[in-house]
Amino acid sequence: MKIGIVTGSVVATRKVESLRGERLLLVQPLGDDGKPSGDPLIACDTCQAGPGDRVLFEGGREAAMALRHAYNPSDASIVAVIDDVVEEEKL
Amino acid sequence: MKIGIVTGSVVATRKVESLRGERLLLVQPLGDDGKPSGDPLIACDTCQAGPGDRVLFEGGREAAMALRHAYNPSDASIVAVIDDVVEEEKL
Amino acid sequence: MKIGIVTGSVVATRKVESLRGERLLLVQPLGDDGKPSGDPLIACDTCQAGPGDRVLFEGGREAAMALRHAYNPSDASIVAVIDDVVEEEKL
Amino acid sequence: MKIGIVTGSVVATRKVESLRGERLLLVQPLGDDGKPSGDPLIACDTCQAGPGDRVLFEGGREAAMALRHAYNPSDASIVAVIDDVVEEEKL
Amino acid sequence: MKIGIVTGSVVATRKVESLRGERLLLVQPLGDDGKPSGDPLIACDTCQAGPGDRVLFEGGREAAMALRHAYNPSDASIVAVIDDVVEEEKL
């Protein structure tokens, strides 16, 4: 899982049946230093996350496991809204 | 899921049985700024997308879930035609 | 799916049972401009492709779906021999 | 599997049901030379690993296989605490 | 599948049950020119490979298909020891 921040949403009328009713959020992955790292992606929401929330998101087949339909074609899901990141070991 | 734009199609006579009847579209992934980012890929169409359409596409095993045969070997599918992207949080 | 060109083959006597009888071809991925892009990989053949053929290949779990044994450990398969790529939208 | 070092943990109250009870650890991947390489990720713990431990972690669908719920949406798990890495071949 | 060379092994006492009895080998991926390319990874052995052997290894869910337990959490396996690579097409 990676850490990202919700920055917006996507509106799509024509979509595959199994994505109907899912909220599609725009997520910007964050790097080591808490700054944007890499291209944004679109993830299905499972935690009522909103713009500005720091979230844990997942990629690949397992993302769909978090959704109502396990055979959903989604390849990215938000699985937690982060309260805090505790760093104990300095490298 | 990532955002891309349909730029063309692929013609292939010799192909695996489970890809017969699927439209194979050429998709250029788009980055943060809406400009091309990375190499184009070939995705199966599920939404009657055409050249110039901005689409959501997916990679990995879940891509096949969007197709008629779930055991299709496809590793990329177009799952939505995008109407609008709403950015609410500026980073 | 990505576009690549078949450049050779791999000979291996000691291999896992489920790969026996599969042809292992060396594939060079091609980028946007039709030039080599990234490291070559080894893919199982399903379309009687040969050296010089431009092919569609797939990665991940779905690659095995194209083979005789769906529980094959292969993570890359050639699923089509390309006749033509039609680019309609210029970016 | 890749080698990483545990550097901290993540606290999340709102999360998907199947992640409840799993410890979410912050892992920094290590490169060839034992130095940090790439962005940190969040992995579920299966070996009572703690900050400073050098661990083997896994990504993708197989990560969930190590957890109590195989249909867990986790895409990264710690599967071993490393005692020693023996390098026998110099490149 | 990719080509790599076995450079050593990993010793781990605390590990998930399904990895017990599997040999964990250190593999350095090789690029186009036969030189090291990218970070080394840890793969389960299925072919009695040893240090110095050039091998085919696989990543993702399919890697576990090569092992005794298909629900093994491994995400990388050695599936063949390479005898020869025949390059027929020059790019």
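Residues numbered from 1 in each chain as written. Chains lettered and ligands numbered in written order. Predicted model: local features only at pLDDT ≥ 70, side-chain atom pairs only at ≥ 80, totals over all residues.

## Considerations on the overall build of chain A
Item 1. Along chain A, the regular secondary structure elements total 0 helices and 7 strands.
Item 2. Listed by position from the N terminus, the elements making up chain A come as β-β-β-β-β-β-β.
Item 3. Buried residues in chain A amount to 56% of all 91 residues.
Item 4. Put simply, 50% of the contacts in chain A that link residues at least 6 apart link residues at least 24 apart. (Helix = DSSP H or I, 4+ residues; strand = E, 2+ residues; numbered from the N terminus. Buried ≥ 20, exposed ≤ 12 C-beta atoms within 10 Å, placed from the backbone. Contact = placed C-beta atoms within 7 Å.)

## Describing the pairing of strand S3 (residues 24–29) of chain D
All names here are of chain D.
Item 1. Of all 6 residues that make up S3, 5 are buried, and the element is covered over most of its length.
Item 2. In this structure, strand S1 (residues 2–11) lies alongside S3, joined through 5 bridges in antiparallel fashion. Counted as the bridge partner of Ser-9 is Leu-25 from S3. (Pairing = 2+ DSSP bridges.)

## Some points on the nonpolar core
Item 1. Formed by 130 residues in total, the largest nonpolar core has its most connected members in Leu-56 of chain A, Leu-56 of chain B, Leu-56 of chain C, Leu-56 of chain D together with Leu-56 of chain E.
Item 2. Once residues lying within four places of it in the same chain are set aside, the contact partners of Leu-56 of chain A are Met-1, Ile-3, Val-79, Ala-80 and Ile-82 of chain A together with Val-10, Ala-12 and Ile-42 of chain D. (Core = buried A, V, L, I, M, F, W, Y, C linked by C-beta atoms within 7 Å.)

## Details of unusual backbone geometry
Item 1. Although it is not a glycine, Gln-48 of chain C sits at a positive phi angle of roughly 50 degrees.
Item 2. Within the secondary structure, Gln-48 of chain C sits in the loop between strand S4 (41–45) and strand S5 (54–59).

## Comments concerning the confidence of the model for chain A
All names here are of chain A.
Item 1. In the predicted model, chain A carries a mean pLDDT of 83, and 84% of its residues have values of at least 70.
Item 2. Looking at the elements of chain A, mean pLDDT is at its lowest for strand S5 (residues 54–59), recorded as 89, and at its highest for strand S1 (residues 2–11), recorded as 94.
Item 3. On the interface metric, ipTM, the complex scores 0.76, and its pTM is 0.78. (pLDDT = per-residue confidence, 0-100.)

## Section: the environment of Asp-32 of chain A
Item 1. One can find Asp-32 of chain A in the loop between strand S3 (24–29) and strand S4 (41–45).
Item 2. On a C-alpha basis, the gap between Asp-32 of chain A and Asp-75 of chain A in space is 23 Å, while along the polypeptide they are 43 residues apart.

## Concerning the environment of Gly-50 of chain E
All names here are of chain E.
Item 1. Along the chain, the position of Gly-50 falls in the loop between strand S4 (41–45) and strand S5 (54–59).
Item 2. For Gly-50, a count of 15 C-beta atoms within 10 Å translates into the label partly exposed.
Item 3. Distance in space between the C-alpha atoms of Gly-50 and Arg-23 is 10 Å, their sequence separation being 27 residues.

## Regarding the environment of Val-55 of chain A
Item 1. With respect to the secondary-structure elements, Val-55 of chain A resides in strand S5.
Item 2. Separated by 51 residues in the primary sequence, Val-55 of chain A and Gly-4 of chain A place their C-alpha atoms 5.4 Å from one another.

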